Amino acid sequence: MGRKLKIAGWVSLGVVAGALTTVSLQTVARGTLAPLPLEELQQLAAVFGMVKTNYVEPVNDKKLITDAIVGMVSSLDPHSQYLDKKALKEFNEGTTGKFVGVGIEISQEDGLIKVVSPIEGSPAFRAGLKPNDLIVKIDETPVKGLTLSEGVKRMRGEPNTKVILSVFRKAESRTFPVTITREEIRTQSVRSKVLEPGYAWIRLSQFQERTVEDFSRKIEEIYKQEPHLKGLVLDLRNDPGGYLDAAVAVSAAFLPENVTVVSANGQLAESKYTYKAAPEYYQRRGGADPLKRLNEVTKGALKTVPLVVLVNEGSASASEIVAGALQDHKRATVLGNQTFGKGSVQTAVCLDPAFRMDNCPTAGLKLTTSRYYTPSGKSIQAKGIVPDVMVDETEDGNLFAALRTREADLEKHLNSGQGEEKKDEAREKAREEARKKLEEELKKPVADRKLPEFGSDKDFQLAQAVNQLKGRTVMVSKTMVERKEEKKEE
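This text gives an overview of the structure that appears in the document. (Residues numbered from 1 in each chain as written. Predicted model: local features only at pLDDT ≥ 70, side-chain atom pairs only at ≥ 80, totals over all residues. Heavy atoms only, no water.)

This paragraph deals with the side chain of Ser251. If you trace the backbone, Ser251 turns up in helix 8 (residues 244-254). Here Ser251 falls in the buried class, since its relative accessible area comes to 0%. (Helix = DSSP H or I, 4+ residues; strand = E, 2+ residues; numbered from the N terminus. Buried < 20%, exposed > 50% of the residue type's maximum accessible area, 1.4 Å probe, protein only.)

What follows is the structure, encoded as structure tokens:
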């Protein structure tokens, strides 16, 4: 057996080393001159050989190698990821804002799927689904007991396939089936409305492929309704990020031309760059400047209109870039809760160099390559953006913020690179208190719960943002303080 292991090990080493030769040459060409660690690769090949010959039952070669790659990449930080075909599909759906499904925004209520809103023009919209409808069954599967993500997966599928939803409509006290044909859905990442004469609200839920186009259109609609706008609230709460060029464009819409929006720093030359508020930094190849018409319609007023940016612990990545840029240039007052702190750059590449990520046929790699810095040079990573004005999420306090995970809570998170992280001893106590409050809150009827929909007339933080714009008294948090970085255990 020992001889077989040795032979298998050396054969495996030959396969691994041969496969990595191209990678080695590419790495040297990109500026990293460190040679491949042959001793460690021998160990890897030896383990591969032992598993192949000694494991209790046969193991697929591809699975072994894929799992080794997954382990290697996922051990780096929470955002680096090996993307197989399924993960690639989900990755592209998330960034483009396109997926195949029925077209509804949903939440969960009493173990059922609640329709928050059908997406305009979608199959669900055309089928007559309404806000507050409850989905009790998807085809023959009861929704009770499914997680929200499991429900989403069952409603999604291939284009032109049918799904039957059993819907309970409270207002009519009846349950009825709705047959819907799935099709490609384009999600709306931008919402807006005029709150009252002279004051408006625009919300970005994610920075997707069409966000800048939709943002420009919504701002135009606001200015047509209110040509003499006195104040605007840019709502980035719970915005997880997305395309960098979209974040640069939204920042540029409010900033003077050519000022720095964000910079990045990493190992390679291409990982060090600065993005500025100018078309060449956000204009896509072959496309027009998406902000040109907007500047013409608003007659440049967007550059000077009083602005408040709303953020919370769910504001991450691209939304933190926008908030940090507008804060550093003193273009806006940032109000709300300290942001998530996801200030690292992931470069996504198809492992087949002949293809781009959006049509990659095999597998891809999402790898952390840089850290982001605000225009004043502050690292966003594991720190986030600290608001100019700390405001609780409700009039009764910041009830559940302590339960929300921030970048600094993630295992193996990358530190800021700007000093040692410090442990916050009071955090676990706050989390325990918040857990108890949340349990009590969930026992109440939905209408009586204290976390209303963003943009509604019961949105406490939005009301304080309007007070800020009007120069009125803002109910500042009496308990919230900046959360420092927590010390990592190596």
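What follows covers the side chain of Thr368. Mapping Thr368 onto the fold places it in strand 18 (residues 364-373). Assessed through its relative accessible area of 19%, Thr368 is described here as buried. A distance of 2.9 Å separates a polar atom in the side chain of Thr368 from a polar atom in the side chain of Asp77. Leave out the neighbours within four places in its chain, and Thr368 touches Asp77, His79, Ser80, Ser344, Val345, Gln346 and Leu414. (Polar contact = N/O pair within 3.5 Å; in protein donor to acceptor, adjacent residues only side chain to side chain. Contact = heavy atoms within 4.5 Å.)

Once that is clear, we can look at the sheet that holds strand 10 (residues 190-196). One open sheet holds the six strands; their spatial order is 10-11-12-15-16-19, and the pairing between them is mixed. Each edge of the open sheet is held by one strand with a lone partner, namely strand 10 and strand 19 (389-390). With six bridges connecting them, strand 10 and strand 11 (residues 199-204) associate as antiparallel partners. Residue pairing across strands places Ser192 opposite Ile202, the latter belonging to strand 11. Strand contacts of helix 10 (residues 318-328): strand 12 (231-235), strand 15 (307-311) and strand 16 (333-336), with the helix running at about 145 degrees to strand 15, the strand carrying the most contacts. Against the sheet, helix 12 (residues 460-470) makes contact with strand 10, strand 11, strand 12, strand 15, strand 16 and strand 19, and its axis sits at roughly 155 degrees relative to strand 15, the strand it touches most. (Pairing = 2+ DSSP bridges. Axes fitted to C-alpha atoms, helices over the stretch in contact; angles between N-to-C directions.)

Turning to helix 3 (residues 61-74), a few remarks are in order. Side chains that are three or four residues apart share a direction in an α-helix, a result of its 3.6 residues per turn. Compared with an ideal rise of 1.5 Å per residue, which puts 14 residues at 20 Å, helix 3 spans 20 Å between its outermost C-alpha atoms and is within 8% of the ideal. The N-cap residue of helix 3 is Asn60: its side-chain oxygen and the backbone nitrogen of Lys62 are 2.8 Å apart. (Expected span 1.5 Å × (residues − 1).)

Under the definition given, this model contains 20 salt bridges. Where Asp459 meets Arg237, a salt bridge forms, and the shortest distance between an N and an O atom there is 2.6 Å. Of the two residues, Asp459 sits in the loop between helix 11 (427-442) and helix 12 while Arg237 sits in the loop between strand 12 and helix 8, which places them 222 residues apart along the sequence. A relative accessible area of 4% means that Asp459 is categorised as buried. When the shortest N-O distance is used, the salt bridge between Lys378 and Asp328 registers 3.6 Å. One end of the pair, Lys378, is in the loop between strand 18 and strand 19; the other, Asp328, is in helix 10, and 50 residues separate them in sequence. For Lys378, a relative accessible area of 42% corresponds to the partly exposed category. (Salt bridge = Lys/Arg side-chain N within 4 Å of Asp/Glu carboxyl O.)

On to the state of the cysteines, then. Tallying each qualifying case throughout the model produces one disulfide. The residue that forms a disulfide with Cys350 is Cys360, at a sulfur-sulfur distance of 2.1 Å. Judged by the torsion about the S-S bond (70 degrees), the Cys350/Cys360 disulfide is right-handed. Placement of Cys350 in strand 17 (residues 344-350) and of Cys360 in the loop between strand 17 and strand 18 is noted, with a sequence separation of ten residues between them. With a relative accessible area of 10%, Cys350 lands in the buried category. (Disulfide = S-S within 2.5 Å.)

All right, on to the packing of aromatic side chains then. As enumerated under the stated definition, the model contains three aromatic pairs in all. Pairing Tyr273 with Tyr275 gives two aromatic rings, centres 5.1 Å apart and planes at 75 degrees, and the pair type is edge-to-face. Overall, Tyr275 belongs to the partly exposed group, its relative accessible area being 22%. Of the aromatic side chains, those joined through ring pairs into one cluster are Tyr273, Tyr275 and Tyr281. We note Arg174 situated over the ring of Phe176; from NZ or CZ to the ring centre the distance is 4.1 Å. Across from the ring centre of Phe454, 4.0 Å away, lies the NZ or CZ of Arg237, which sits over that ring. (Phe/Tyr/Trp six-rings, centres within 6.5 Å; stacked < 30°, edge-to-face > 60°. Lys NZ or Arg CZ within 6 Å of the ring centre and 35° of its normal.)

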